[in-house]
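Structural characterization, general
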Amino acid sequence: MSSFFDGLYSGRVADLRPSPIREMLHLVRRPGVISFAGGMPDPEAFPVDLFYEAAGILKSQGKDVLQYGTTEGYGPLKDFLIHWTAPRMGRKLEHDEMLITAGSSQVSDLLCWALIDQDDLILIEEPSFLGVFLNMHNHGAKFLTVPCDDEGMMVDLIPEKVERAQKEGKKVKLCYTIANFHNPLGTTLSLERRKKLIEYAHRYGFAIMEDDPYGYVRFEGEHLPTLFSLDDRGVVVYAGSFSKILAPGTRVGWCCGSREIIRKMAIFKQGVDVCTSLVAQALVYEYCRLGHLDSFLPKIIEHYKKKRDAMEDAMREHLPLDLVHWVKPEGGYFYWVKMKGINSDELFKRAVDNQVAFVPGKAFYPNRDGGENELRLCYTFASPEQTQEGMKRLGEAMKGMAG
Ligand SMILES: Cc1ncc(COP(=O)(O)O)c(C=O)c1O
């Protein structure tokens, strides 16, 4: 059916890709379905009362925080973050090396505005987080995908891929990576690979976006150095977020990078949304100032560690172990399951009939090529009891397909 807008759309609309997960969520929200699908935090892990306490700032600072804010971000929140992030950034940043954003999703958007022309190439883990790569696609980017193993991105494959692309006259502008507790893989990039990735970025002249919304949600083991802290030439833009360490409804995130790139991103942000809601930034700041970020974060970590353990136990008990492979994540939200001879789209249909849901692997492949025998499970949302029952149902569906 034709509509008034048909003659008005931009060229980009012809190739617009909606999120298959958002479309699928209707199916899995049916009563009785145990969902391991959406990557949402557990509302039980939201610090509702502590956040409400922070609302006092709306009275004490109301005349300031109800005003337009600067695009670069609310000064007191930046002061806090500069101090709080210093151990992982390797140093205390200057104010003009940080930009407050509407979640970390906005970081990739602004970076695309600043770096990406039609058909420019972005190196990206395969599979990866579709929320970001669909937006990159909408900016006109093409993907140079890098396969992953149990340690994450196989960075040794980068030189050959980049050299071939450069010989063909293509521009490789950016590498997008989720080095900690990858979405969807659950893997963490080893230190050796981190160092190599930085070396390749220097050698071939591409920038890196280090997307790290899960980095602080580590259940065990030591934090690995951020790519940002390993780089001495300013090629890394680090993206952080309050979505997983406080609550996604805040829509407050941040990024760190060289003055030059932060300035360009801030200029694009002026046109996109003027500034991140100053009310939201002030509430988040007050929550942090009162000490609640530091006191409540260990509770969030403990909460999700229990859920990760419940899923690990349930998988071992109920899945056909000769047909599946996974890596136990040391943090974050996700398991990625590779299956032998089981198609994940087919399995999804059977699983939904069995009242359990997951996301089939194909959705996470940036070039829509792969993932047929893979699936993502999110352990943060279901209770440990639901996880037991859900995994039993999933195991039955898998065994039914295996013959
Ligand atoms: C890898 C990754 N990046 C970014 C985001 C979005 O974060 P935010 O809520 O800060 O925009 C998510 C959320 O699921 C994610 O998994």
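Residues numbered from 1 in each chain as written. Predicted model: local features only at pLDDT ≥ 70, side-chain atom pairs only at ≥ 80, totals over all residues. Heavy atoms only, no water.

**Regarding the pattern of salt bridges**
Counted by the stated rule, this structure contains 24 salt bridges. Its salt-bridge partner being E286, residue R289 comes within 2.8 Å of it at the nearest N-O pair. Taken as a pair, R289 and E286 lie in helix α12 (residues 278-289) at a separation of 3 residues, close to a single helical turn. Its relative accessible area of 47% is what places R289 among the partly exposed residues. (Salt bridge = Lys/Arg side-chain N within 4 Å of Asp/Glu carboxyl O. Helix = DSSP H or I, 4+ residues; strand = E, 2+ residues; numbered from the N terminus. Buried < 20%, exposed > 50% of the residue type's maximum accessible area, 1.4 Å probe, protein only.)

**Overview of the sheet that holds strand β9 (residues 253-256)**
The strands making up a sheet are joined through hydrogen bonds of the backbone, oriented either antiparallel or parallel. A sheet is described by the order of its strands in space; here 8 strands give the open sequence β2-β9-β8-β7-β6-β3-β4-β5, paired in mixed fashion. If you trace the sheet from one side to the other, it starts and ends with β2 (98-101) and β5 (152-153), each paired once. By the bridge criterion, 2 bridges tie strand β4 (residues 142-149) to β5 in an arrangement that is antiparallel. Considered in β5, the bridge of C148 is made with M153. Sheet strands in contact with helix α9 (residues 191-204) are β4, β5, β6 (172-177), β7 (207-211) and β8 (236-241), and its direction is about 145 degrees off that of β7. Across the sheet, helix α11 (residues 259-273) lies against β2, β8 and β9, angled at about 30 degrees from β2, the strand it touches most. (Pairing = 2+ DSSP bridges. Contact = heavy atoms within 4.5 Å. Axes fitted to C-alpha atoms, helices over the stretch in contact; angles between N-to-C directions.)

**Things to note about the sheet that holds strand β10 (residues 324-325)**
Within the open sheet, the 4 strands sit side by side as β10-β11-β14-β13. Their pairing is antiparallel. At either margin of the open sheet sits one strand with a lone partner, and together these are β10 and β13 (359-360). Alignment of β10 against strand β11 (residues 334-339), held across 2 bridges, turns out to be antiparallel. Paired with V324 across the bridge in β11 is M339.

Any functional reading would require information that these geometric values do not contain.
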